Amino acid sequence: MPFISRALLLVTLLIMAPHAALAQAASEWVNAYEAKVHDDLPYRLMSPLGFDANQRYPVIVSLHGGGGKGSDNRKQLKQWNQQLAENQIRKDYPCYVLAPQSTGLWDETHLRMIQAVIAELPAVDKDRIYMMGHSMGGHGSNILIQLAPKYFAAIAPSAGTGLKRTEKFIDPSKMKDVPIWAFHGDQDKVCPYDRNLELFNELKELGGNMKLTTFKGDGHGIAGKMIPGADNGNTLMTGERCDPEPDFLKWLFAQRLSGKQAAAEEERTEVPSDFLKFNHGEVDRRYLIYRPKDLPDNAPLVFFLHGYRGDARGYMELGMNRVADTNGFAVCYPQGEKDRKGIPHWNARLKISKVDDIGFLSALAVHLQSTYKLDPMKTFACGISNGGFMSYTLVAEKPEVFKAAASVIGTMSGFTWKHRDQIKPVPILQISGLNDEIVPYDGSMSPRGGWGGAPNQDVIMGFWKILNQTKTEEVVKVSDRTTAHYYKDGVNGNQVWHYKIKKFGHRFPHQDNGAGISSVEEIWKFFKQVSSSQ
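A brief structural summary.

Conventions we followed
Residues numbered from 1 in each chain as written. Predicted model: local features only at pLDDT ≥ 70, side-chain atom pairs only at ≥ 80, totals over all residues. Heavy atoms only, no water. Helix = DSSP H or I, 4+ residues; strand = E, 2+ residues; numbered from the N terminus. Rg over C-alpha atoms; globule rule 2.2 N^0.38 Å. Buried < 20%, exposed > 50% of the residue type's maximum accessible area, 1.4 Å probe, protein only. Contact = heavy atoms within 4.5 Å. Areas by Shrake-Rupley, 256 points an atom, 1.4 Å probe, with all protein chains shown as cover. Lys, Arg positive; Asp, Glu negative; His and termini not counted. Charge placed at Lys NZ, Arg CZ, Asp CG, Glu CD. Phe/Tyr/Trp six-rings, centres within 6.5 Å; stacked < 30°, edge-to-face > 60°. Pairing = 2+ DSSP bridges. Axes fitted to C-alpha atoms, helices over the stretch in contact; angles between N-to-C directions. Parallel < 35°, antiparallel > 145°, perpendicular 65-115°, else oblique. Nonpolar A, V, L, I, M, F, W, Y, C, P; charged D, E, K, R; others polar. Salt bridge = Lys/Arg side-chain N within 4 Å of Asp/Glu carboxyl O.

**Thoughts on the overall build of the protein**
Counting its regular elements, the protein contains 15 helices and 19 strands. Computed over C-alpha atoms, the radius of gyration of the protein comes to 26 Å, within 12% of the 24 Å expected from 2.2 N^0.38 for 534 residues, which places it in the range of a compact globule. Reported as C-alpha extents along the three principal axes, the dimensions of the protein are approximately 95 × 65 × 45 Å. Expressed as a percentage of the 534 residues in the protein, the buried residues total 54%. For the protein, contacts bridging at least 24 residues in sequence account for 70% of all contacts bridging at least 6. Surface accessibility of the protein: about 23,700 Å² in total, with carbon and sulfur atoms responsible for 51%. Taking the 63 positively charged and 59 negatively charged side chains of the protein as two groups, their mean positions are separated by 4 Å.

This is how it looks when you write it as C-alpha coordinates:
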(Lines give C-alpha, C1' and ligand atoms only; values in the text may rest on other atoms or scores of the structure.)
Protein backbone atom coordinates (compact mmCIF):
# COMPACT_ATOMS: atom_id res chain seq x y z
CA MET A 1 0.00 0.00 0.00
CA PRO A 2 1.53 3.42 -0.94
CA PHE A 3 2.52 5.65 1.96
CA ILE A 4 -0.12 8.32 1.14
CA SER A 5 -2.91 5.71 1.08
CA ARG A 6 -1.79 4.30 4.44
CA ALA A 7 -1.66 7.81 5.89
CA LEU A 8 -5.14 8.63 4.65
CA LEU A 9 -6.45 5.37 6.09
CA LEU A 10 -4.86 6.15 9.46
CA VAL A 11 -6.34 9.67 9.51
CA THR A 12 -9.77 8.31 8.57
CA LEU A 13 -9.63 5.76 11.39
CA LEU A 14 -8.56 8.42 13.88
CA ILE A 15 -11.47 10.64 12.82
CA MET A 16 -13.99 7.79 12.98
CA ALA A 17 -12.86 6.49 16.37
CA PRO A 18 -14.30 9.28 18.54
CA HIS A 19 -17.53 9.31 16.51
CA ALA A 20 -17.88 5.56 17.06
CA ALA A 21 -17.24 6.04 20.75
CA LEU A 22 -19.85 8.80 20.92
CA ALA A 23 -22.37 6.64 19.06
CA GLN A 24 -21.72 3.79 21.48
CA ALA A 25 -22.14 6.11 24.47
CA ALA A 26 -25.40 7.41 23.02
CA SER A 27 -26.75 3.90 22.53
CA GLU A 28 -25.78 2.93 26.07
CA TRP A 29 -28.13 5.42 27.73
CA VAL A 30 -30.91 4.55 25.28
CA ASN A 31 -30.47 0.90 26.17
CA ALA A 32 -31.20 1.75 29.80
CA TYR A 33 -34.79 2.18 28.60
CA GLU A 34 -36.26 -1.20 27.73
CA ALA A 35 -38.62 -1.17 24.73
CA LYS A 36 -42.09 -2.50 25.52
CA VAL A 37 -45.64 -2.35 24.17
CA HIS A 38 -48.93 -2.23 26.09
CA ASP A 39 -51.76 -3.06 23.69
CA ASP A 40 -51.02 -0.49 20.94
CA LEU A 41 -49.04 1.86 23.18
CA PRO A 42 -45.27 1.70 22.60
CA TYR A 43 -43.25 2.75 25.62
CA ARG A 44 -39.76 2.70 27.06
CA LEU A 45 -39.14 1.81 30.69
CA MET A 46 -36.08 2.47 32.79
CA SER A 47 -36.21 0.46 36.01
CA PRO A 48 -34.61 1.47 39.33
CA LEU A 49 -30.89 0.86 39.59
CA GLY A 50 -30.20 -1.94 42.07
CA PHE A 51 -33.86 -2.92 42.26
CA ASP A 52 -34.94 -4.34 45.64
CA ALA A 53 -38.42 -5.86 45.83
CA ASN A 54 -38.64 -4.86 49.49
CA GLN A 55 -38.38 -1.15 48.63
CA ARG A 56 -40.95 1.17 47.09
CA TYR A 57 -39.93 3.27 44.08
CA PRO A 58 -41.32 6.50 42.57
CA VAL A 59 -42.39 6.67 38.93
CA ILE A 60 -41.69 9.52 36.50
CA VAL A 61 -44.04 9.56 33.51
CA SER A 62 -42.19 11.28 30.65
CA LEU A 63 -44.35 12.79 27.89
CA HIS A 64 -42.61 13.70 24.64
CA GLY A 65 -43.32 16.70 22.45
CA GLY A 66 -44.44 16.79 18.83
CA GLY A 67 -41.04 15.63 17.58
CA GLY A 68 -41.45 12.33 19.40
CA LYS A 69 -44.74 11.37 17.75
CA GLY A 70 -44.79 8.02 15.96
CA SER A 71 -44.63 4.30 16.65
CA ASP A 72 -40.91 3.54 16.34
CA ASN A 73 -40.55 3.39 20.16
CA ARG A 74 -37.38 5.47 20.08
CA LYS A 75 -38.10 9.07 19.12
CA GLN A 76 -39.90 9.75 22.40
CA LEU A 77 -36.62 9.61 24.36
CA LYS A 78 -35.47 13.20 24.84
CA GLN A 79 -32.79 15.23 26.59
CA TRP A 80 -34.26 14.82 30.05
CA ASN A 81 -34.46 11.05 29.52
CA GLN A 82 -30.74 11.00 28.85
CA GLN A 83 -30.11 13.11 31.94
CA LEU A 84 -32.24 10.80 34.10
CA ALA A 85 -30.24 7.84 32.78
CA GLU A 86 -26.95 9.26 34.08
CA ASN A 87 -25.40 6.83 36.52
CA GLN A 88 -25.10 9.28 39.43
CA ILE A 89 -28.71 10.41 39.12
CA ARG A 90 -29.87 6.80 39.01
CA LYS A 91 -27.89 6.11 42.20
CA ASP A 92 -29.15 9.20 43.98
CA TYR A 93 -32.77 8.86 42.86
CA PRO A 94 -33.67 5.23 42.08
CA CYS A 95 -37.01 5.24 40.29
CA TYR A 96 -38.95 4.04 37.28
CA VAL A 97 -39.02 6.31 34.22
CA LEU A 98 -41.92 5.50 31.90
CA ALA A 99 -41.74 7.10 28.44
CA PRO A 100 -44.83 6.26 26.32
CA GLN A 101 -45.06 7.20 22.66
CA SER A 102 -48.12 8.76 21.07
CA THR A 103 -49.14 9.44 17.48
CA GLY A 104 -51.13 12.52 18.49
CA LEU A 105 -52.00 14.80 21.38
CA TRP A 106 -52.02 13.27 24.85
CA ASP A 107 -55.54 12.51 26.08
CA GLU A 108 -57.58 10.46 28.52
CA THR A 109 -57.05 7.23 26.58
CA HIS A 110 -53.30 7.58 27.04
CA LEU A 111 -53.82 8.30 30.74
CA ARG A 112 -55.73 5.07 31.27
CA MET A 113 -53.09 3.03 29.42
CA ILE A 114 -50.31 4.70 31.40
CA GLN A 115 -52.13 3.88 34.64
CA ALA A 116 -52.53 0.27 33.48
CA VAL A 117 -48.79 -0.02 32.81
CA ILE A 118 -47.94 1.42 36.22
CA ALA A 119 -50.41 -0.95 37.89
CA GLU A 120 -48.30 -3.86 36.59
CA LEU A 121 -44.95 -2.54 37.86
CA PRO A 122 -43.59 -4.17 41.01
CA ALA A 123 -42.72 -2.22 44.17
CA VAL A 124 -44.22 1.13 43.13
CA ASP A 125 -44.62 3.96 45.66
CA LYS A 126 -48.13 5.04 44.70
CA ASP A 127 -47.77 8.24 46.71
CA ARG A 128 -44.92 9.39 44.43
CA ILE A 129 -46.00 9.18 40.81
CA TYR A 130 -44.81 12.21 38.83
CA MET A 131 -45.28 13.54 35.31
CA MET A 132 -43.08 15.79 33.19
CA GLY A 133 -42.89 16.77 29.54
CA HIS A 134 -41.96 19.47 27.06
CA SER A 135 -44.12 21.30 24.51
CA MET A 136 -46.84 18.80 23.51
CA GLY A 137 -45.69 16.78 26.52
CA GLY A 138 -46.05 19.79 28.81
CA HIS A 139 -49.45 20.43 27.26
CA GLY A 140 -50.30 16.79 27.97
CA SER A 141 -49.12 17.09 31.58
CA ASN A 142 -51.48 20.02 32.10
CA ILE A 143 -54.35 18.06 30.53
CA LEU A 144 -53.86 14.74 32.33
CA ILE A 145 -53.41 16.30 35.75
CA GLN A 146 -56.88 17.82 35.43
CA LEU A 147 -58.26 14.34 34.77
CA ALA A 148 -56.38 12.68 37.64
CA PRO A 149 -55.32 15.32 40.20
CA LYS A 150 -55.17 12.74 43.00
CA TYR A 151 -53.10 10.24 41.03
CA PHE A 152 -49.96 12.30 40.41
CA ALA A 153 -47.95 13.74 43.31
CA ALA A 154 -46.45 16.53 41.16
CA ILE A 155 -46.00 17.63 37.55
CA ALA A 156 -43.28 19.54 35.71
CA PRO A 157 -44.57 20.95 32.41
CA SER A 158 -42.09 22.73 30.14
CA ALA A 159 -43.55 25.15 27.59
CA GLY A 160 -46.84 23.36 28.17
CA THR A 161 -49.43 26.02 27.49
CA GLY A 162 -50.34 24.96 23.96
CA LEU A 163 -49.81 26.63 20.61
CA LYS A 164 -50.92 30.16 19.77
CA ARG A 165 -54.06 28.78 18.14
CA THR A 166 -54.86 26.39 21.01
CA GLU A 167 -58.07 27.23 22.84
CA LYS A 168 -57.87 27.65 26.59
CA PHE A 169 -57.80 24.19 28.12
CA ILE A 170 -56.63 24.70 31.71
CA ASP A 171 -59.03 25.14 34.61
CA PRO A 172 -56.77 26.28 37.47
CA SER A 173 -59.29 25.19 40.11
CA LYS A 174 -58.78 21.56 39.11
CA MET A 175 -55.02 21.65 39.70
CA LYS A 176 -54.62 24.16 42.53
CA ASP A 177 -53.72 21.46 45.05
CA VAL A 178 -51.09 19.77 42.86
CA PRO A 179 -47.42 20.77 43.27
CA ILE A 180 -46.36 22.20 39.89
CA TRP A 181 -42.98 23.37 38.71
CA ALA A 182 -43.35 24.89 35.25
CA PHE A 183 -40.55 26.03 32.92
CA HIS A 184 -40.70 28.46 30.01
CA GLY A 185 -38.52 30.68 27.82
CA ASP A 186 -39.78 34.25 27.77
CA GLN A 187 -39.08 34.49 24.02
CA ASP A 188 -41.04 31.35 23.11
CA LYS A 189 -42.73 31.92 19.72
CA VAL A 190 -44.34 28.47 19.60
CA CYS A 191 -46.11 28.15 22.95
CA PRO A 192 -46.85 31.62 24.33
CA TYR A 193 -45.06 32.44 27.57
CA ASP A 194 -47.76 34.87 28.74
CA ARG A 195 -50.19 31.97 29.14
CA ASN A 196 -47.95 30.46 31.80
CA LEU A 197 -47.81 33.81 33.55
CA GLU A 198 -51.60 33.99 33.41
CA LEU A 199 -51.91 30.49 34.87
CA PHE A 200 -49.39 31.37 37.58
CA ASN A 201 -51.36 34.45 38.60
CA GLU A 202 -54.67 32.56 38.62
CA LEU A 203 -53.21 29.85 40.84
CA LYS A 204 -51.71 32.51 43.09
CA GLU A 205 -55.18 33.95 43.63
CA LEU A 206 -56.54 30.46 44.37
CA GLY A 207 -53.78 29.72 46.86
CA GLY A 208 -52.25 27.13 44.54
CA ASN A 209 -48.86 25.44 44.63
CA MET A 210 -46.96 26.45 41.50
CA LYS A 211 -43.38 27.44 40.81
CA LEU A 212 -42.60 29.07 37.47
CA THR A 213 -39.03 29.22 36.19
CA THR A 214 -38.51 31.70 33.38
CA PHE A 215 -35.41 31.37 31.19
CA LYS A 216 -34.66 34.92 30.12
CA GLY A 217 -33.88 35.31 26.42
CA ASP A 218 -34.72 31.69 25.57
CA GLY A 219 -37.24 30.50 23.04
CA HIS A 220 -38.98 27.16 22.78
CA GLY A 221 -35.99 24.84 23.09
CA ILE A 222 -35.52 24.67 26.86
CA ALA A 223 -36.22 20.97 27.45
CA GLY A 224 -32.67 20.22 28.52
CA LYS A 225 -32.68 22.91 31.22
CA MET A 226 -35.31 21.45 33.52
CA ILE A 227 -33.11 19.00 35.40
CA PRO A 228 -29.74 20.79 35.54
CA GLY A 229 -31.19 24.29 35.82
CA ALA A 230 -29.57 27.29 34.10
CA ASP A 231 -27.99 30.58 35.06
CA ASN A 232 -30.61 32.54 33.14
CA GLY A 233 -33.49 30.96 35.08
CA ASN A 234 -35.59 33.00 37.51
CA THR A 235 -38.16 31.21 39.69
CA LEU A 236 -41.40 32.65 41.07
CA MET A 237 -43.64 30.92 43.64
CA THR A 238 -47.39 31.35 44.13
CA GLY A 239 -47.13 31.35 47.93
CA GLU A 240 -46.13 29.62 51.12
CA ARG A 241 -47.42 26.24 49.96
CA CYS A 242 -44.54 26.01 47.48
CA ASP A 243 -41.44 24.04 48.40
CA PRO A 244 -38.57 26.53 47.90
CA GLU A 245 -36.01 23.77 47.18
CA PRO A 246 -33.96 25.13 44.22
CA ASP A 247 -32.72 21.74 42.95
CA PHE A 248 -35.32 20.27 40.63
CA LEU A 249 -34.79 16.57 41.37
CA LYS A 250 -34.61 17.15 45.13
CA TRP A 251 -37.87 19.07 44.87
CA LEU A 252 -39.54 16.45 42.67
CA PHE A 253 -38.74 13.41 44.78
CA ALA A 254 -39.76 15.21 47.97
CA GLN A 255 -43.33 15.58 46.67
CA ARG A 256 -45.89 12.97 47.65
CA LEU A 257 -49.64 12.71 47.85
CA SER A 258 -50.94 14.56 50.88
CA GLY A 259 -51.45 12.74 54.17
CA LYS A 260 -55.20 13.11 53.73
CA GLN A 261 -55.10 11.44 50.33
CA ALA A 262 -52.72 8.76 51.55
CA ALA A 263 -54.97 8.03 54.53
CA ALA A 264 -57.95 7.76 52.22
CA GLU A 265 -56.04 5.23 50.13
CA GLU A 266 -55.25 3.18 53.24
CA GLU A 267 -58.85 3.22 54.42
CA ARG A 268 -60.15 1.82 51.16
CA THR A 269 -60.39 -1.87 50.48
CA GLU A 270 -57.25 -3.03 48.69
CA VAL A 271 -57.72 -2.51 44.97
CA PRO A 272 -56.61 -5.60 43.01
CA SER A 273 -54.15 -5.12 40.16
CA ASP A 274 -53.63 -8.77 39.20
CA PHE A 275 -56.18 -10.44 36.96
CA LEU A 276 -58.18 -13.42 38.17
CA LYS A 277 -58.91 -16.21 35.71
CA PHE A 278 -62.19 -17.78 34.69
CA ASN A 279 -62.23 -20.67 32.24
CA HIS A 280 -64.86 -20.38 29.55
CA GLY A 281 -64.92 -22.44 26.38
CA GLU A 282 -61.54 -23.96 27.32
CA VAL A 283 -60.02 -20.46 27.37
CA ASP A 284 -58.73 -18.74 30.50
CA ARG A 285 -60.47 -15.37 30.50
CA ARG A 286 -59.40 -12.56 32.83
CA TYR A 287 -61.22 -10.19 35.14
CA LEU A 288 -60.89 -8.05 38.28
CA ILE A 289 -63.46 -7.74 41.04
CA TYR A 290 -63.79 -4.99 43.61
CA ARG A 291 -65.76 -5.60 46.81
CA PRO A 292 -66.01 -2.95 49.52
CA LYS A 293 -65.25 -3.96 53.09
CA ASP A 294 -68.06 -5.73 54.97
CA LEU A 295 -70.20 -6.08 51.83
CA PRO A 296 -73.43 -7.81 52.91
CA ASP A 297 -74.98 -10.82 51.20
CA ASN A 298 -77.29 -10.15 48.24
CA ALA A 299 -75.48 -6.94 47.30
CA PRO A 300 -75.80 -5.71 43.70
CA LEU A 301 -73.18 -6.56 41.06
CA VAL A 302 -72.14 -4.09 38.33
CA PHE A 303 -70.14 -5.15 35.28
CA PHE A 304 -67.97 -2.27 34.02
CA LEU A 305 -66.82 -2.94 30.44
CA HIS A 306 -63.84 -1.12 28.94
CA GLY A 307 -63.71 0.44 25.49
CA TYR A 308 -62.00 -0.75 22.32
CA ARG A 309 -58.23 -1.16 22.94
CA GLY A 310 -58.98 -0.93 26.66
CA ASP A 311 -57.28 -2.45 29.68
CA ALA A 312 -59.61 -3.22 32.59
CA ARG A 313 -57.00 -2.18 35.15
CA GLY A 314 -56.96 1.39 33.90
CA TYR A 315 -60.76 1.60 34.15
CA MET A 316 -60.61 0.95 37.89
CA GLU A 317 -59.35 4.55 38.18
CA LEU A 318 -62.56 6.09 36.82
CA GLY A 319 -64.32 6.29 40.19
CA MET A 320 -66.77 3.40 40.23
CA ASN A 321 -64.97 1.79 43.20
CA ARG A 322 -65.52 4.97 45.21
CA VAL A 323 -69.24 4.87 44.36
CA ALA A 324 -69.30 1.18 45.33
CA ASP A 325 -67.76 1.99 48.72
CA THR A 326 -70.47 4.56 49.41
CA ASN A 327 -73.43 2.53 48.14
CA GLY A 328 -72.48 -1.07 48.88
CA PHE A 329 -72.15 -3.04 45.64
CA ALA A 330 -69.50 -5.13 43.89
CA VAL A 331 -67.87 -4.14 40.60
CA CYS A 332 -66.46 -6.58 38.05
CA TYR A 333 -63.95 -5.34 35.45
CA PRO A 334 -63.61 -8.06 32.80
CA GLN A 335 -60.86 -7.97 30.19
CA GLY A 336 -61.72 -8.31 26.52
CA GLU A 337 -59.80 -10.67 24.24
CA LYS A 338 -58.02 -9.53 21.08
CA ASP A 339 -59.80 -9.30 17.75
CA ARG A 340 -58.31 -10.26 14.38
CA LYS A 341 -56.13 -7.13 14.47
CA GLY A 342 -54.79 -8.00 17.91
CA ILE A 343 -56.83 -5.30 19.70
CA PRO A 344 -58.73 -5.93 22.97
CA HIS A 345 -62.46 -5.64 22.30
CA TRP A 346 -65.95 -6.86 23.14
CA ASN A 347 -67.70 -8.91 20.49
CA ALA A 348 -71.16 -7.32 20.48
CA ARG A 349 -72.13 -9.52 17.53
CA LEU A 350 -69.45 -7.79 15.46
CA LYS A 351 -67.60 -9.15 12.44
CA ILE A 352 -64.09 -8.52 13.76
CA SER A 353 -63.76 -11.73 15.77
CA LYS A 354 -65.44 -14.97 16.81
CA VAL A 355 -64.88 -14.50 20.54
CA ASP A 356 -67.89 -15.61 22.62
CA ASP A 357 -68.18 -12.63 24.95
CA ILE A 358 -71.90 -13.07 25.50
CA GLY A 359 -71.29 -16.56 26.87
CA PHE A 360 -68.22 -15.53 28.86
CA LEU A 361 -69.74 -12.50 30.58
CA SER A 362 -73.00 -14.29 31.37
CA ALA A 363 -71.21 -17.31 32.83
CA LEU A 364 -68.86 -15.08 34.81
CA ALA A 365 -71.81 -13.16 36.27
CA VAL A 366 -73.47 -16.38 37.46
CA HIS A 367 -70.14 -17.55 38.90
CA LEU A 368 -69.63 -14.30 40.85
CA GLN A 369 -73.22 -14.33 42.11
CA SER A 370 -72.67 -17.79 43.55
CA THR A 371 -69.12 -17.25 44.83
CA TYR A 372 -69.73 -13.94 46.62
CA LYS A 373 -73.47 -14.29 47.36
CA LEU A 374 -74.44 -11.37 45.12
CA ASP A 375 -78.03 -10.65 44.03
CA PRO A 376 -78.97 -12.22 40.66
CA MET A 377 -81.88 -9.76 40.41
CA LYS A 378 -79.53 -6.80 40.78
CA THR A 379 -76.80 -7.65 38.30
CA PHE A 380 -76.22 -4.89 35.74
CA ALA A 381 -73.99 -4.14 32.74
CA CYS A 382 -72.44 -0.81 31.86
CA GLY A 383 -69.62 0.17 29.55
CA ILE A 384 -67.78 2.86 27.67
CA SER A 385 -67.78 3.03 23.85
CA ASN A 386 -67.32 -0.61 22.71
CA GLY A 387 -68.29 -1.54 26.28
CA GLY A 388 -71.54 0.34 25.72
CA PHE A 389 -72.19 -1.68 22.55
CA MET A 390 -71.62 -4.85 24.56
CA SER A 391 -73.95 -3.73 27.37
CA TYR A 392 -76.81 -3.38 24.87
CA THR A 393 -76.06 -6.82 23.41
CA LEU A 394 -75.98 -8.44 26.85
CA VAL A 395 -79.42 -7.21 27.92
CA ALA A 396 -80.78 -7.97 24.46
CA GLU A 397 -79.65 -11.60 24.54
CA LYS A 398 -79.21 -12.39 28.25
CA PRO A 399 -81.92 -10.43 30.12
CA GLU A 400 -82.22 -13.31 32.58
CA VAL A 401 -78.67 -12.48 33.76
CA PHE A 402 -78.27 -8.73 33.21
CA LYS A 403 -81.28 -6.75 34.45
CA ALA A 404 -80.39 -3.30 33.09
CA ALA A 405 -77.77 -1.65 30.89
CA ALA A 406 -75.97 1.69 30.83
CA SER A 407 -74.10 2.76 27.69
CA VAL A 408 -71.66 5.66 27.80
CA ILE A 409 -70.73 7.05 24.33
CA GLY A 410 -71.75 3.70 22.83
CA THR A 411 -74.74 2.50 20.83
CA MET A 412 -76.39 -0.70 19.57
CA SER A 413 -74.39 -2.74 17.08
CA GLY A 414 -75.83 -3.26 13.62
CA PHE A 415 -76.71 -6.89 14.40
CA THR A 416 -78.39 -6.12 17.74
CA TRP A 417 -80.45 -3.35 16.15
CA LYS A 418 -81.44 -5.53 13.19
CA HIS A 419 -82.74 -8.21 15.56
CA ARG A 420 -84.46 -5.80 17.94
CA ASP A 421 -87.82 -7.54 17.49
CA GLN A 422 -86.46 -10.35 19.69
CA ILE A 423 -85.55 -8.06 22.59
CA LYS A 424 -87.59 -8.07 25.81
CA PRO A 425 -88.31 -4.94 27.91
CA VAL A 426 -85.32 -3.91 30.05
CA PRO A 427 -84.26 -0.58 31.63
CA ILE A 428 -81.72 1.45 29.60
CA LEU A 429 -79.46 4.44 30.27
CA GLN A 430 -77.66 6.12 27.37
CA ILE A 431 -75.13 8.96 27.80
CA SER A 432 -74.30 10.61 24.47
CA GLY A 433 -71.99 13.33 23.24
CA LEU A 434 -73.79 15.28 20.54
CA ASN A 435 -70.49 15.88 18.70
CA ASP A 436 -69.15 12.36 19.02
CA GLU A 437 -66.82 11.80 16.07
CA ILE A 438 -66.30 8.06 16.68
CA VAL A 439 -69.84 6.90 17.46
CA PRO A 440 -71.83 9.67 15.74
CA TYR A 441 -75.09 10.68 17.37
CA ASP A 442 -76.83 10.70 13.99
CA GLY A 443 -76.18 6.99 13.42
CA SER A 444 -73.79 7.51 10.50
CA MET A 445 -71.19 5.08 11.83
CA SER A 446 -69.83 2.83 9.09
CA PRO A 447 -71.29 -0.71 9.04
CA ARG A 448 -67.80 -2.05 8.34
CA GLY A 449 -66.89 -4.67 10.92
CA GLY A 450 -70.49 -4.82 12.12
CA TRP A 451 -70.22 -1.62 14.15
CA GLY A 452 -72.73 0.61 12.37
CA GLY A 453 -76.26 -0.06 11.26
CA ALA A 454 -78.26 1.38 14.12
CA PRO A 455 -80.01 4.72 13.47
CA ASN A 456 -79.59 8.00 15.37
CA GLN A 457 -79.83 7.96 19.15
CA ASP A 458 -83.26 9.58 19.24
CA VAL A 459 -84.72 6.72 17.18
CA ILE A 460 -82.94 4.15 19.34
CA MET A 461 -84.28 5.73 22.54
CA GLY A 462 -87.71 5.85 20.93
CA PHE A 463 -87.51 2.10 20.38
CA TRP A 464 -86.65 1.49 24.05
CA LYS A 465 -89.44 3.82 25.25
CA ILE A 466 -92.01 1.92 23.20
CA LEU A 467 -90.62 -1.47 24.19
CA ASN A 468 -90.70 -0.57 27.88
CA GLN A 469 -94.11 1.14 27.56
CA THR A 470 -93.00 4.20 29.51
CA LYS A 471 -95.81 6.64 30.37
CA THR A 472 -94.13 9.75 31.75
CA GLU A 473 -91.36 12.05 30.56
CA GLU A 474 -89.27 14.57 32.49
CA VAL A 475 -86.57 16.82 31.00
CA VAL A 476 -83.94 18.19 33.40
CA LYS A 477 -80.96 20.41 32.64
CA VAL A 478 -78.33 18.88 34.92
CA SER A 479 -75.43 21.10 33.80
CA ASP A 480 -74.65 23.83 31.28
CA ARG A 481 -74.03 21.23 28.59
CA THR A 482 -76.00 18.19 29.74
CA THR A 483 -79.74 17.64 29.52
CA ALA A 484 -81.33 14.49 30.96
CA HIS A 485 -84.50 12.93 29.55
CA TYR A 486 -86.23 10.56 32.00
CA TYR A 487 -88.90 8.20 30.69
CA LYS A 488 -90.55 6.34 33.57
CA ASP A 489 -93.50 4.23 34.75
CA GLY A 490 -92.95 1.50 32.17
CA VAL A 491 -93.78 -2.19 32.25
CA ASN A 492 -92.42 -3.82 35.42
CA GLY A 493 -91.45 -0.34 36.62
CA ASN A 494 -88.87 -0.02 33.82
CA GLN A 495 -87.27 3.31 33.00
CA VAL A 496 -85.30 4.74 30.06
CA TRP A 497 -82.83 7.57 30.67
CA HIS A 498 -81.05 9.57 27.99
CA TYR A 499 -78.36 12.15 28.74
CA LYS A 500 -77.42 14.49 25.86
CA ILE A 501 -74.19 16.50 26.18
CA LYS A 502 -73.75 19.50 23.88
CA LYS A 503 -70.38 20.25 22.26
CA PHE A 504 -68.98 16.98 23.54
CA GLY A 505 -67.12 14.31 21.62
CA HIS A 506 -66.00 10.73 22.18
CA ARG A 507 -64.78 11.08 25.76
CA PHE A 508 -65.79 9.64 29.11
CA PRO A 509 -67.99 12.39 30.62
CA HIS A 510 -67.15 13.58 34.11
CA GLN A 511 -67.22 16.72 36.22
CA ASP A 512 -63.80 17.92 35.10
CA ASN A 513 -63.96 17.72 31.29
CA GLY A 514 -66.90 19.94 30.46
CA ALA A 515 -69.76 17.46 30.80
CA GLY A 516 -70.68 18.70 34.25
CA ILE A 517 -71.80 15.26 35.41
CA SER A 518 -70.17 12.24 37.02
CA SER A 519 -70.94 9.31 34.73
CA VAL A 520 -70.22 6.73 37.43
CA GLU A 521 -72.56 8.52 39.85
CA GLU A 522 -75.33 8.74 37.25
CA ILE A 523 -74.91 5.08 36.27
CA TRP A 524 -75.35 3.94 39.85
CA LYS A 525 -78.25 6.33 40.44
CA PHE A 526 -79.96 4.73 37.44
CA PHE A 527 -79.29 1.15 38.54
CA LYS A 528 -80.46 1.92 42.06
CA GLN A 529 -83.72 3.48 40.86
CA VAL A 530 -84.64 0.74 38.40
CA SER A 531 -83.90 -2.03 40.91
CA SER A 532 -86.10 -0.40 43.54
CA SER A 533 -88.97 0.21 41.13
CA GLN A 534 -89.10 -3.34 39.79
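Resuming the write-up.
**With respect to the packing of aromatic side chains**
Within the structure shown, the criterion is met by 28 aromatic pairs. Between the aromatic rings of W181 and W251, the centroid separation amounts to 5.4 Å while the plane-to-plane angle is 85°, which identifies the pairing as edge-to-face. In this pair, W181 is assigned in strand β7 (residues 180-185) and W251 in helix α7 (residues 248-254), connecting sequence segments 70 residues apart. With respect to burial, W181 and W251 carry one shared label: buried. Residues F303 and F402 carry aromatic rings whose centres are separated by 5.3 Å and whose planes lie at 85° to one another, so their mutual orientation is edge-to-face.

**Brief notes about the sheet that holds strand β9 (residues 233-237)**
Strands sit in the order β1-β2-β4-β3-β5-β6-β7-β8-β9 across an open sheet of nine strands; the sheet is mixed. The open sheet is flanked by β1 (34-38) and β9, the only strands paired with a single partner. Geometrically, the sheet is characterised by an average inter-axis angle of 20° between neighbouring strands, direction not taken into account. In terms of strand pairing, strand β2 (residues 41-46) meets strand β4 (residues 96-100) through four bridges, oriented antiparallel.

**Structural notes on the packing of helix α11 (residues 357-372) against helix α12 (residues 386-397)**
Contact pair α11 / α12: the axes reach a minimum separation of 10 Å and the direction vectors enclose 75°. Considering the angle they form, α11 stands roughly perpendicular to α12. Contacts between α11 and α12 involve D357, I358, L361 and S362 on the former and, on the latter, M390, T393, L394 and E397. Classifying every residue of the contact of α11 with α12 gives four nonpolar, two polar and two charged.

**Describing the sheet that holds strand β16 (residues 428-433)**
The ten strands lie next to each other as β10-β11-β13-β12-β14-β15-β16-β19-β18-β17, forming an open sheet whose pairing is mixed. At either margin of the open sheet sits one strand with a lone partner, and together these are β10 (276-280) and β17 (472-477). On average, each strand axis in the sheet is tilted by 20° relative to the strand beside it, whichever way the strands run. Sheet strands in contact with helix α14 (residues 457-468) are β16, β18 (482-488) and β19 (496-501), and its direction is about 165° off that of β19.

**Some points on the pattern of salt bridges**
With the rule as written, the count across this model stands at 17 salt bridges. Between R313 and E120 there is a salt bridge whose closest N-O contact spans 2.4 Å. With R313 in helix α9 (residues 312-315) and E120 in helix α4 (residues 108-120), this pair connects stretches of sequence that are 193 residues apart. Classification of E120 as partly exposed rests on a relative accessible area of 43%. When the shortest N-O distance is used, the salt bridge between R313 and D311 registers 2.7 Å. Both residues of the pair, R313 and D311, count as buried. A single network of salt bridges, built from pairs that share partners, joins E120, D311 and R313.

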